[in-house]
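The primary structure of each chain is shown beneath.
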Amino acid sequence: SSKEVSDDINQKKISARSTEENIDIARESYRPVAYRTAVLFFCIVELTNIDPMYQYSLQWFQKLFTIAIDQSPKNDDFAQRLEILKDFFTESLYQNICRGLFEKDKTLFSFALCTRILKGDNKLDDGQLRYLLIGPTSDMVEHGPELPAEWIGKPRWNEILTLATLPAFHGFVESFTSNISA
C-alpha cells in the first residue's frame, strides 16, 4: 500500500517535471514578443519627458496588448504568428498613441519609436545614432588630413573626417578625396 503510494508520487513528480519543462519551452518561445513589448512600453513611458500630459498606464498597455492578441491575424506557423503579433501590436500601439499626441510631437515620437525598435533588434549602432543626432564633437581638421578642396569648407571636412571614424564608413575619406573634382 505504501509502496503504491510512493510509486504514484514518483510518477506524479516525473509528470510534473515534464509539464514544467514544456511550460518553460513555451514561455521562452514568446520571449521575442515580450522583449519588443517591453521596448515599446518604455518608449511610451518616456513620452512624459516631451509633455507631462503624455502618461500611459501599464494597465492600459496590457489591455491594448490583449486586444492585439485577439485581433491580429492568426497563423498556424508559430514563428510567423509571433512576427505577426509583434508587427500588429507595434502598429496598434503607434496608432493609439498618435491619436493622443499633439501634431508637433508625432514626428518625434515616430523617430523615438523607430530608434528604440532598431536598437532592440540590434540593428542600430550607437556611434552612428550619436553622429546623426549631434554630429562631430571634436575638431579633426586641426590634426587630420589636409582639406582636399576649398569648396568643402572646414566644418564640412570635419564632419566627413568624423563620419569616417565610424566602422560602417571606414575608407570614406579616401573614397571621397579620390572622387573630388575641384
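Predicted model, so just to flag it, every value in this text is computed and none were measured.

Procedures and definitions
- Residues numbered from 1 in each chain as written.
- Predicted model: local features only at pLDDT ≥ 70, side-chain atom pairs only at ≥ 80, totals over all residues.
- Heavy atoms only, no water.
- Helix = DSSP H or I, 4+ residues; strand = E, 2+ residues; numbered from the N terminus.
- Rg over C-alpha atoms; globule rule 2.2 N^0.38 Å.
- Buried < 20%, exposed > 50% of the residue type's maximum accessible area, 1.4 Å probe, protein only.
- Core = buried A, V, L, I, M, F, W, Y, C linked by side-chain atoms within 4.5 Å.
- Contact = heavy atoms within 4.5 Å.
- Expected span 1.5 Å × (residues − 1).

## Structural notes on the overall build of the protein chain
Then comes step 1: Scanning the protein chain from N- to C-terminus turns up eight helices and zero strands.
Then comes step 2: Sequence-ordered secondary structure for the protein chain, helices as α and strands as β, is α-α-α-α-α-α-α-α.
Then comes step 3: Compactness check: the protein chain gives a C-alpha radius of gyration of 26 Å against a globular reference of 16 Å for 182 residues, more than 25% above the reference.
Then comes step 4: Projected onto its principal axes, the C-alpha positions of the protein chain cover 95 × 40 × 30 Å.
Then comes step 5: The buried share of the protein chain, taken over its 182 residues, is 27%.

## Quick word on the nonpolar core
Then comes step 1: Ile44, Phe89, Leu93 and Phe109 are the most contacted members of the largest nonpolar core, which totals 21 residues.
Then comes step 2: Among the secondary structure elements, those contributing two or more residues to this core are α2 (31–45), α3 (58–71), α4 (78–99) and α5 (103–120).
Then comes step 3: Among the elements that take part in this core, α4 stands out by supplying six residues, more than any other.
Then comes step 4: In contact with Ile44, not counting residues within four places along its chain, are Tyr56, Trp60, Phe61, Leu93, Ile97 and Phe109.
Then comes step 5: Membership of the second largest hydrophobic core comes to eight residues, among which are Val141, Trp157, Ile160 and Leu161.

## Things to note about the side chain of Thr115
Then comes step 1: Checked against the element boundaries, Thr115 lands in helix α5.
Then comes step 2: Look at Thr115 and you get buried, because its relative accessible area is 13%.

## Examining α5
Then comes step 1: Given a rise of 1.5 Å per residue, 18 residues ought to cover 26 Å, and the 26 Å separating the end C-alpha atoms of α5 matches this to within 8%.
Then comes step 2: Within α5 the residues assigned to the buried category are Asp105, Phe109, Leu113, Thr115, Ile117 and Gly120.
Then comes step 3: Those residues of α5 that are buried lie in contact with α2, α4 and α6 (126–134).
Then comes step 4: Where α5 terminates, the next one or two residues include Asn122, which has phi positive at roughly 55°.

Everything listed here is a matter of coordinates, which is why it stays silent on function.
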